[in-house]
Amino acid sequence: MSQPPDTTTAAQDPARDPAPDRTAAPAADRDPAGVRPPAEGRSNQPSMFRMLLRDKFATLGAVVLLIVAATAVFGPMLMGELATRQNLMFANKPPFDPANGWEYLLGSDSLGRSVLARLVVATRTTLMVAIPAVLASMLIGSLWGVWAGYHRGWRENVSMRVADVIMSFPSLLLAVVVLYVFSPSVANIVLILALTRIPIYLRTARAESAELQSRTFVDAARTFGARPNAIIVRHVIPVVTPTILTLATLEFCYVMLAESSLSFLGIGIQPPDVSWGLLVSQGRQYLQTAWWLSIFPGVAIVVTAISANLLAAWLRIATDPAQRWRLTLPGRKKLITRIPAKESK
């Protein structure tokens, strides 16, 4: 007798079932629109720019610093001639008087020069002292500190003793003595301010590097035969950089205030150059008759210093993985722990 036809389908017979496609994603993970689902382990953390926008005070500080930087770059090209133009007919004009024109919006000095124009030109001079001094001290001090902290031993001892010797002299007093002996100029001011701030970065970077020297990833790199310089560049410096950048933001405020103090004492920026500190010094004898000559440069110093401190406070949290979650909260909401009320007996 003939056998009945085999009605078993391929789906019912495992032996006839073709090999399943193991690369296909489960139906629940497939996107009907054809968009690839996000890869596993991809970070959902917002970018630094978005975290900055969520902090209103830090955003305001960043905007102010950008305005100051743009003023220092483009301001002298637009108002440099106006800053030196004298007009005795407009001597000591009060500020905010529309009849005097926009160039005298912040008033004029005893020689009829625009305070607004001189303030704009002084911005470049102040930043030309503060930024190079901070960059020079940061690069030298941080690299020196990382090298000393990683190798330890006599390198660390000698480095710390050098830092102690420099820090034993008050930085502002040392700058006064050096600038009194040598001629006060922008280069000398940058050099002495950078020299006095090197120990700050040196001690900070040394402490961070000494702590990282015994970490597991550094030991693993050393076990696989990596050279000390390669370990420092690839593993130590990237971890130390956020702390150094935060410190540099704070040091920018100190250097700017130090330059203003030296110019106020008469051993900083010298005429015909102008800086914020020099404008405050030149206007202090007119405080009773022309208060705006000193007040507006002083306000510029205070606002810039506060903005840099606000940005440094945000940067310290944003670069710390253990504290970054505080900036990812929507709005300004805070975590509130609710304690259930005790049941009344």
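Sequence order as written defines residue numbering, which begins from 1 separately in each chain. This being a predicted model, a pLDDT of at least 70 is required before a residue's local features are given, and a value of 80 or more before pairs of side-chain atoms are given or counted; all residues contribute to the totals for chains, interfaces and linings. With hydrogens and water stripped out, all remaining heavy atoms of the structure feed into the side-chain values.

A.B. asks: How should I be thinking about the overall build of the protein in this particular structure?
C.D. replies: Only DSSP runs of H or I reaching four residues or more are called helices, and only runs of E reaching two or more are called strands; each is numbered from the N terminus. From N to C terminus, the protein includes 10 helices and zero strands. Going from the N terminus to the C terminus, the protein shows its helices and strands as α-α-α-α-α-α-α-α-α-α. Only protein chains enter the accessibility calculation, which uses a 1.4 Å probe. A residue is then buried if its area is under 20% of the maximum for its type, exposed if over 50%, and partly exposed in between. A buried classification covers 37% of the 345 residues belonging to the protein. Note on definitions: a residue-residue contact is assigned when non-hydrogen atoms from the two residues lie within 4.5 Å. Nonlocal contacts in the protein, meaning residues at least 24 apart in sequence, comprise 69% of its contacts between residues at least 6 apart. For the accessible areas, the method is Shrake-Rupley and the probe is 1.4 Å, while residue cover comes only from the protein chains on display. About 21700 Å² of surface is accessible on the protein, with carbon and sulfur atoms providing 63% of the total.

A.B. asks: Explain the packing of aromatic side chains here, please?
C.D. replies: One pair of aromatic rings is described through two measures. These are the centre distance and the angle between the planes. Side-chain rings of Phe, Tyr and Trp, where Trp is taken by its six-membered ring, are said to pair if the distance between their centres is within 6.5 Å; with planes under 30 degrees apart they count as stacked, over 60 as edge-to-face, and otherwise as tilted. Under the criterion given, the structure shown has four aromatic pairs. With a centroid separation of 5.0 Å and 5 degrees between ring planes, the pair formed by F90 and Y104 is classed as stacked. With F90 in the loop between helix 2 (56-84) and helix 3 (115-151) and Y104 in the loop between helix 2 and helix 3, this residue pair connects regions lying 14 residues apart in the sequence. For F90, a relative accessible area of 26% translates into the label partly exposed. Assessed through its relative accessible area of 6%, Y104 is described here as buried. Note on F96 and F296: the rings are 5.9 Å apart at their centroids and 90 degrees apart in plane angle, and the pair reads as edge-to-face. With F96 in the loop between helix 2 and helix 3 and F296 in helix 10 (residues 292-318), this pair connects stretches of sequence that are 200 residues apart. Among the residues examined, F96 registers a relative accessible area of 55% and is labelled exposed.

A.B. asks: Mind showing me how you'd approach a nonpolar patch on the surface here?
C.D. replies: By definition, no residue in a patch forms a salt bridge, and every one has over 30% relative accessible area; like charges are joined within 9 Å, nonpolar side chains (Val, Leu, Ile, Met, Phe, Trp, Tyr) within 5 Å. Whenever a carboxyl oxygen of Asp or Glu lies within 4 Å of a side-chain nitrogen of Lys or Arg, that contact is scored as a salt bridge. There is a patch of nonpolar side chains on the surface, built from L173, V177, Y180, V181 and F182 and spanning about 590 Å² of accessible area. Its location among the elements puts L173 in helix 5 (residues 171-181).

A.B. asks: Honestly, helix 8 (residues 228-265) in this entry has me stumped. Any pointers?
C.D. replies: Note that an α-helix has 3.6 residues per turn; residues three or four places apart therefore point the same way. The span you would expect from a helix comes to 1.5 Å times its residue count less one. Here helix 8 spans only 47 Å end to end across 38 residues, well under the 56 Å set by a 1.5 Å rise per residue. Considering bend angle alone, the principal kink of helix 8 is centred on I237 and spans about 50 degrees; proline P238 follows within four residues of it. Positive phi appears at G266, one or two residues downstream of helix 8, with a value of about 95 degrees. We define the bend at each residue as the angle formed by axes fitted to the 7 residues ending at it and the 7 residues starting at it.

A.B. asks: Could you clarify how one ought to interpret the environment of M48 in this entry?
C.D. replies: Looking at where M48 falls in the secondary structure, it is placed in helix 1 (residues 48-54). For the pair formed by M48 and T319, sequence separation is 271 residues and the distance between their alpha carbons is 9.1 Å. Filtering out sequence-adjacent residues up to four positions away, M48 remains in contact with W314, A318 and T319.

A.B. asks: Can you help me understand the layout of surface pockets in this one?
C.D. replies: Empty space among the atoms becomes visible once a probe the size of a water molecule is rolled across them. A cavity here means a set of 1 Å grid points, computed over protein atoms only, where a 1.4 Å probe fits but cannot escape. A pocket is an open set with protein on both sides within 12 Å along at least 5 of 7 lines, and lining residues have an atom within 4 Å of a point. Grid points are joined across faces, edges and corners, and a volume is the space filled by probe spheres set on the points. Volume-wise, the largest pocket comes out at about 480 Å³. If you trace the largest pocket, you find 17 residues lining it, with L65, I131, T249, F252 and L311 closest to the centre. Where the lining of the largest pocket is concerned, the elements lending two or more residues are helix 2, helix 3, helix 8 and helix 10. When residue character is reported, Ala, Val, Leu, Ile, Met, Phe, Trp, Tyr, Cys and Pro are called nonpolar, Asp, Glu, Lys and Arg charged, and the others, Gly included, polar. Partitioning the lining of the largest pocket into residue classes produces 16 nonpolar, one polar and no charged.

A.B. asks: Mind showing me how you'd approach the pattern of salt bridges here?
C.D. replies: Here the idea is simple: oppositely charged side chains can pair when their charged atoms come close. By the definition in use, this model includes nine salt bridges. Note that R161 is salt-bridged to D164, the shortest N-O span being 3.0 Å. On the criterion of helical spacing, the pair formed by R161 and D164 is a turn pair, its members being three residues apart in helix 4 (residues 153-167). Here D164 falls in the partly exposed class, since its relative accessible area comes to 32%.

A.B. asks: Explain the nonpolar core here, please?
C.D. replies: Generally speaking, soluble globular proteins have nonpolar side chains that are buried together. What makes a nonpolar core is a set of buried Ala, Val, Leu, Ile, Met, Phe, Trp, Tyr and Cys residues whose side-chain atoms join them at distances within 4.5 Å. Ranked by size, the top nonpolar core spans 71 residues in total, and within it L193, W276 and W314 carry the most contacts. Residue contributions to this core peak at 15 residues, all from helix 3. Discounting chain neighbours no more than four positions away, the residues touching W314 are M48, M51, L52, D55, A58 and L327.

A.B. asks: Just checking my understanding: could you explain the packing of helix 2 against helix 3 for this structure?
C.D. replies: For any two helices packed against each other, the geometry comes down to the angle between their axes and how far apart the axes lie. Here helix 2 crosses helix 3 at 130 degrees, and the two axes come no closer than 7 Å. It follows that helix 2 is oblique to helix 3 by the angle criterion. In terms of crossing hand, the pair formed by helix 2 and helix 3 is left-handed. Only L116, A117, R118, V120, V121, T123, R124 and L127 of helix 3 make contact with helix 2, whose side of the interface consists of V68, A69, T71, A72, V73, G75, P76, M79, G80, L82 and A83. Angles shown run from 0 to 180 degrees and are taken between the N-to-C directions of axes, each axis being a line fitted to C-alpha atoms and, for helices, limited to the stretch in contact. Should an angle fall under 35 degrees it is taken as roughly parallel, and over 145 as roughly antiparallel, whereas 65 to 115 is taken as roughly perpendicular and any remaining angle as oblique. Left-handed describes a crossing whose near helix is turned anticlockwise from the far helix through less than a right angle; right-handed describes the clockwise counterpart.

A.B. asks: Would you explain unusual backbone geometry in this entry?
C.D. replies: In most cases, non-glycine residues show a negative phi, while peptide bonds are predominantly trans. Backbone torsion omega between P271 and P272 reads 10 degrees, so that peptide bond is classified as cis. Inspection of the secondary structure puts P272 in the loop between helix 8 and helix 9 (276-283). Of note in the backbone geometry, R152 takes a positive phi value of approximately 55 degrees without being a glycine. Checked against the element boundaries, R152 lands in the loop between helix 3 and helix 4.

A.B. asks: Which parts of the structure should I look at to understand the side chain of S209?
C.D. replies: Residue placement: S209 occurs in helix 6 (residues 186-212). Exposure remark for S209: the relative accessible area of 0% places this residue in the buried category. Two N or O atoms form a polar contact when they lie within 3.5 Å of each other; inside protein one atom must be a possible hydrogen donor and the other a possible acceptor, and for residues adjacent in sequence the pair counts only when both atoms belong to side chains. A polar side-chain atom of S209 sits 3.1 Å from the main-chain amide nitrogen of Y150. Apart from the residues within four sequence positions on either side, S209 is in contact with G145, V146, G149, Y150 and V236.

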